[in-house]
Amino acid sequence: MSERTPEAQWSRAADGWARWAAIRAAMVPATETLLDLAAVAPGSLVLDIGCGSGEQTVMAAERAGPAGHVLAIDISAAMIAATDKTVAAAGLRNVSTRVCGVAALTGEDGAFNAAICRLVLMLVPDPTAAARAVWAALRPGGAFAAMVHGDPAKNPLNRLATEILARHGGKTVDPQKQGFFALSDPTRLEDVMRRAGFADVVVTTAPVVRRLDDAAMAVAMVRESYAGCIALIAGLPPAGQAAAWAELEQALARFEGPEGCVIPGEFNLVAGRRPAGPGRA
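Each value, and the rule that gives it
- Every chain begins its residue count from 1, and numbering advances along the sequence as written.
- Given that the model is predicted, a residue must reach a pLDDT of at least 70 before its local features are reported, and side-chain atom pairs must reach 80 or more before they are shown or counted; all residues, however, enter totals for whole chains, interfaces and linings.
- With hydrogens and water set aside, each side-chain value is computed from the structure's full complement of heavy atoms.
- A run of H or I in DSSP becomes a helix once it reaches four residues, and a run of E becomes a strand once it reaches two; helices and strands are each numbered from the N terminus.
- C-alpha atoms define the radius of gyration in this analysis, and the globule rule sets the expected value at 2.2 Å times the number of residues to the power 0.38.
- Under the scheme applied here, a residue whose accessible area is under 20% of the maximum for its type counts as buried, over 50% as exposed, and between as partly exposed, the area being computed with a 1.4 Å probe on protein chains only.
- Contacts are assigned to residue pairs with any non-hydrogen atoms lying within 4.5 Å of each other.
- Residue-level accessible areas treat just the shown protein chains as cover; the underlying method is Shrake-Rupley with a 1.4 Å probe.
- Here the positive residues are Lys and Arg and the negative ones are Asp and Glu; neither His nor the chain ends is included.
- Where a charge lies is defined by one atom per residue type: Lys uses NZ, Arg uses CZ, Asp uses CG and Glu uses CD.
- Within this scheme, the nonpolar core is defined by two criteria: the residues are buried Ala, Val, Leu, Ile, Met, Phe, Trp, Tyr or Cys, and they are joined through side-chain atoms within 4.5 Å.
- Any carboxyl oxygen of Asp or Glu within 4 Å of a side-chain nitrogen of Lys or Arg constitutes a salt bridge here.

Tell me what's going on with the overall build of the protein, and back it up with residues and numbers.
Each helix and strand in the protein was counted, giving 10 helices and eight strands. For 281 residues, the compact-globule estimate of 2.2 N^0.38 gives 19 Å, and the C-alpha radius of gyration of the protein, at 18 Å, lies within 12% of that figure. For the C-alpha atoms alone, the extent of the protein along its principal axes is close to 55 × 40 × 40 Å. For the protein, with 281 residues in total, the buried portion stands at 49%. Within the protein, counting contacts between residues at least 6 apart in sequence, those at least 24 apart form 81% of the total. Element-wise, carbon and sulfur atoms account for 56% of the exposed surface of the protein, whose accessible area totals about 12100 Å². In the protein, which carries 26 positive and 28 negative side-chain charges, the distance between the mean positions of the two groups comes to 4 Å.

Written as C-alpha cells, this is what we have:
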C-alpha cells in the first residue's frame with residue numbers, strides 16, 4: 001500500500017485520532033442529531049461508514065441496544081483496531097467491524113434500516129457513488145444521515161490548517177474535490193443524495209465549539225490526527241514542516257482568551273430515505 005493512499009494516511013494518524021477523542025466530545029450533540037436523523041432506535045440494524053476510532057459507533061450501538069446491531073467499517077485497519085478497542089471498553093456486544101470502504105461492501109444489500117457517516121463523505125473521491133452504495137445497503141424505507149464540514153468561513157480551524165499547510169507544501173487544494181469543504185455547499189450536498197436515489201432529503205446545520213488549552217494544543221491535535229493535513233507537508237524536510245506548524249499556531253492564537261483556545265465550527269447534516277418502491281427516487 002502506497003504511503004500516499006488515504007488508507008496509509010489514516011493508518012498513520014489512527015493512534016493520534018484515538019488519542020484526541022476527548023476533544024471530539026464537543027461533537028456529541030451534533031452526533032446525537034445525526035443518529036436522530038438516521039432514526040437509530042432500539043432494534044436498529046446500523047451501518048457506520050468510516051468509523052474512525054468508534055465514538056459514534058458506540059453511541060449508535062447504545063441506542064440500538066441488544067436487539068440491534070452496528071456494522072462499523074473503515075478503509076484503515078488501524079482505525080478498525082481503534083474502534084474494536086473503544087467498543088470493548090464500552091462493554092458492547094452488538095458491534096462487528098470490517099476493513100473496507102462502503103463501495104467495497106459486499107453481501108449486505110438491503111441489510112440495514114439505518115446508516116450513518118460522520119466526517120467522511122466529503123473525503124471520498126466520488127460521494128455520489130458512495131451514497132449509492134449506502135442506498136443499496138439499506139432496506140426500503142431505511143434512512144441515511146451524514147455529517148460533513150460546513151461553510152469554510154465558519155470553520156476556521158480546518159480552513160486555516162488547509163490553507164497554511166498547503167501553501168508550505170506547495171500543494172493546490174481544489175475545494176470542489178475531496179477534502180474538508182468538498183460538500184460545504186448545502187445545495188451540492190443535497191444533490192449528491194438525490195442523485196444517489198434518496199428521497200425526503202433535508203440539509204441542516206449544527207454548531208460545534210472546540211475548547212483547547214491554547215493554540216499549541218490545537219496544532220498538536222491537527223499534527224497528530226488530521227491525516228489530510230499531515231499529508232500536505234509530508235514531503236517537506238523537518239525544518240519546513242516545523243515552519244508550517246509554527247505559522248498555523250500563530251494563526252490560531254487569535255482564538256486564545258481567558259477560557260483557553262476556543263475555536264468555533266459548523267457542520268452540515270444531511271439525511272434522506274430509501275424509497276419504499278423498487279427503484280431509485
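Help me get a handle on the nonpolar core, residues and values and all.
Within the largest apolar cluster, 54 residues are counted, with the highest numbers of intra-cluster contacts made by Leu47, Ile49, Phe144 and Phe198. In terms of residue count, strand β5 (residues 138-149) provides more of this core than any other element does, six residues in total. When near neighbours in sequence (up to four residues on either side) are disregarded, leucine 47 contacts Leu71, Ile73, Leu105, Phe112, Ala114, Ala115, Ile116 and Ala137. Ile23, Ala218, Leu232 and Ile263 belong to the second-largest nonpolar core, a separate cluster that totals 31 residues.

Go over the pattern of salt bridges with me, naming the residues and quoting the values.
All chains considered together, the criterion is met by 13 salt bridges. Among the salt bridges present, the one from glutamate 247 reaches arginine 167, with a minimum N-O distance of 2.4 Å. Placement of the pair is glutamate 247 in helix α10 (residues 238-252) and arginine 167 in helix α6 (residues 156-169), with a sequence separation of 80 residues. Two residues, aspartate 191 and arginine 195, come together in a salt bridge whose shortest N-O distance is 2.6 Å. Here aspartate 191 pairs with arginine 195, and both are found in helix α7 (residues 186-195), just four residues apart, close to one helical turn. Judged by its relative accessible area of 41%, arginine 195 falls in the partly exposed class. In the salt-bridge network here, residues are joined through shared partners; they are Arg24, Glu55 and Arg118.

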